[in-house]
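The lines below spell out each chain.
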Amino acid sequence: MALWFLWSLLLWEAFLLTAASSAQVHGQVGGSVLLVAERPSGFQVREAIWRSLWPSEELLATFFRGTPETLYRSRFLGRAQLHSNLSLELQPLESGDSGNFSVLLVDTGGRSRTQVLQLKVYDVVPRPVVQVFIAVPGETQPPKTCQVFLSCWAPNISDITYSWRREGTIDFGMEPSDLFTDGQVLRASLGPGDKSTTYSCIVSNPVSWDLATVTPWESCNHEAAPGNSSYKDVLLVVVPISLLLTLAGLLSAWHSCYSGKKQKDVCNDRVTPETENPLVDL
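Residues numbered from 1 in each chain as written. Predicted model: local features only at pLDDT ≥ 70, side-chain atom pairs only at ≥ 80, totals over all residues. Heavy atoms only, no water.

As annotated in an unreviewed UniProt entry, the chain is SLAM family member 8 from Neovison vison. Comment text from UniProt for the chain, heading Subcellular location (unreviewed entry), reads "Membrane". (UniProt positions renumbered as here; feature names shortened; annotations may be inferred.)

Structural data, given as C-alpha cells:
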C-alpha cells in the first residue's frame, strides 16, 4: 500500500513540474549544500519526496508517516541527510553532482507543492599566476616610462572570472580598452612614480576566490639594469658586427683578386688577355 502511494505521488509530481518554481543553488567541491524545501505559511506537510531529475532521474529521500528515509540506491547514497524541516543536505560534494533536483510536498489536506532547484558545483579557485611582459617602446612613448602587459591565469579550472585592482584604488575594474582575452591580460603604462605600485589579479567563481599581486616596475628596472640585456640591446650589438664582418669579407676577396697575376687569372677565369684588349693584335 505504501509503495503504491509513493508511486502515485511521483506520478502526480510529474504533472506538476511544468508549473513548479525553481531556484539556483551553488556548492563547492568537498563542501556541503543545503537544498531548502520552502513551505507556505500554514502548509502542514504530510509527505515529502526528494528526487534528482538531471543528469539522472533518481529517488533520493522521502518523508512518509513521520519517518524520513534516505537509503535509496543513487549516486548520493551515504551522502544525503534529510533534516527535520525536510531540507536535504548533500555532502561531500563532487564535481559531477551538478544537476536539477525537485521536492514534492503534500499537506494534510491533500494539496501538493513542487519545487525545483538547480545545483551547480564549482571547484575551489586556485591561486593565479601573473607574468609581466615589457612592451617594445614606440616613438610616441614618453621618456622614462614603461608599458607592460600583465597576464593572469588560473591552472586546471574553468568557469572563473578575471578582474584587476591597482593599489590605492577602490574600484576593482579597469578601462575596457586596457583589458584583453576576457580580462586575463591587462595593459598598464608606468612612470617613475609607479616604482612601488602593485597590481592584483583576482580570480573568482560563485563560491571562492583568490588573488596574486605583482610590482611591474621591478620588471622594467630589470629590463634596463646593467648586465641584464634585453633582446633590443642584443640586436644593437649583433647587427653592426655582422655588417662589419660581411664588409671585411668583401674587401678581402677584392684584394685577393687584384693582388697578383695568379690570383688575377683565377678571378678572371672567363676573361683571357686576348679578349681583354682585342686591339693589341691590330
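Read on for the rest.
### Overview of the state of the cysteines
All chains considered together, the criterion is met by two disulfides. Residue cysteine 146 pairs covalently with cysteine 220 via a disulfide, S to S 2.0 Å. Across the disulfide from cysteine 146 to cysteine 220, rotation about the S-S bond amounts to roughly -80°, and the bridge is consequently left-handed. Of this pair, cysteine 146 sits in strand S11 (residues 146-153) while cysteine 220 sits in helix H2 (residues 216-224), and the two are 74 residues apart along the sequence. Shown here is the disulfide that connects cysteine 152 with cysteine 201, its sulfur atoms set 2.0 Å apart. Taking the torsion about the sulfur-sulfur bond, which here is approximately -85°, the covalent link between cysteine 152 and cysteine 201 counts as left-handed. Taken as a pair, cysteine 152 in strand S11 and cysteine 201 in strand S15 (residues 199-205) lie far apart in primary sequence, 49 residues in all. (Disulfide = S-S within 2.5 Å. Helix = DSSP H or I, 4+ residues; strand = E, 2+ residues; numbered from the N terminus.)

### Let's talk about the pairing of strand S3 (residues 45-54)
Looking along a regular strand, one sees the side chains alternate between the two faces of the sheet. Buried residues dominate S3, accounting for seven of its ten residues. Examined bridge by bridge, S3 and strand S4 (residues 58-64) share six bridges and lie antiparallel to one another. Paired with serine 52 across the bridge in S4 is glutamate 58. Counting the residues that bridge the hairpin from S3 to S4 gives three residues. (Buried < 20%, exposed > 50% of the residue type's maximum accessible area, 1.4 Å probe, protein only. Pairing = 2+ DSSP bridges.)

### Some thoughts on the nonpolar core
Grouped burial of nonpolar side chains is what soluble globular proteins tend to show. Judged by nonpolar contacts, the single largest core of 24 residues is most densely connected at Leu35, Trp50, Leu88, Leu90 and Leu105. Put simply, the parts of the chain that give this core at least two residues each are strand S2 (33-35), S3, S4, strand S6 (80-82), strand S7 (88-90), strand S8 (99-107) and strand S9 (112-122). Apart from the residues lying within four places of it in its own chain, the contact partners of leucine 90 are Gly31, Ser32, Val33, Leu35, Phe76, Arg79, Ala80, Phe101 and Leu119. (Core = buried A, V, L, I, M, F, W, Y, C linked by side-chain atoms within 4.5 Å. Contact = heavy atoms within 4.5 Å.)

### As for the sheet that holds strand S16 (residues 208-214)
Ordered in space as S12-S15-S16, the three strands form an open sheet in which the pairing is antiparallel. A strand with exactly one partner marks an edge of an open sheet, and here the two such strands are strand S12 (161-166) and S16. For this sheet, the mean angle separating the axes of adjacent strands, direction not counted, is 20°. (Axes fitted to C-alpha atoms, helices over the stretch in contact; angles between N-to-C directions.)

### Examining the pattern of salt bridges
Evaluation of the coordinates by the stated rule reveals nine salt bridges. For glutamate 47, the salt bridge is made with arginine 46, and the minimal N-O distance between the two is 2.7 Å. For glutamate 57, the salt bridge is made with arginine 51, and the minimal N-O distance between the two is 2.1 Å. For arginine 51, a relative accessible area of 7% translates into the label buried. (Salt bridge = Lys/Arg side-chain N within 4 Å of Asp/Glu carboxyl O.)

### Considering unusual backbone geometry
Cis geometry is adopted by the peptide bond preceding proline 55, which originates at tryptophan 54 and carries an omega value of 10°. Structurally, proline 55 is set in the loop between S3 and S4. In this structure, proline 92 follows glutamine 91 across a cis peptide bond, with omega equal to -15°. With respect to the helices and strands, proline 92 occurs in the loop between S7 and S8. With a phi close to 70°, leucine 86 is a non-glycine residue in the positive phi region. Mapped onto the elements, leucine 86 comes out in the loop between S6 and S7. Overall, the relative accessible area of 3% leaves leucine 86 in the buried class. The backbone of aspartate 159 sits at a positive phi, close to 55°, despite the residue not being glycine. Note that aspartate 159 resides in the loop between S11 and S12.

### Thoughts on the sheet that holds S7
Pairing within the open sheet is antiparallel, and its three strands lie in the order S2-S7-S6. Across the chains shown, the open sheet's two edge strands, defined by having one partner strand only, are S2 and S6. Adjacent strand axes in the sheet meet at a mean angle of 25°, parallel and antiparallel pairs treated alike. The sheet contact formed by S2 and S7 spans three bridges and is antiparallel. Among the inter-strand pairings, valine 33 is bridged to a residue of S7, identified as leucine 90.

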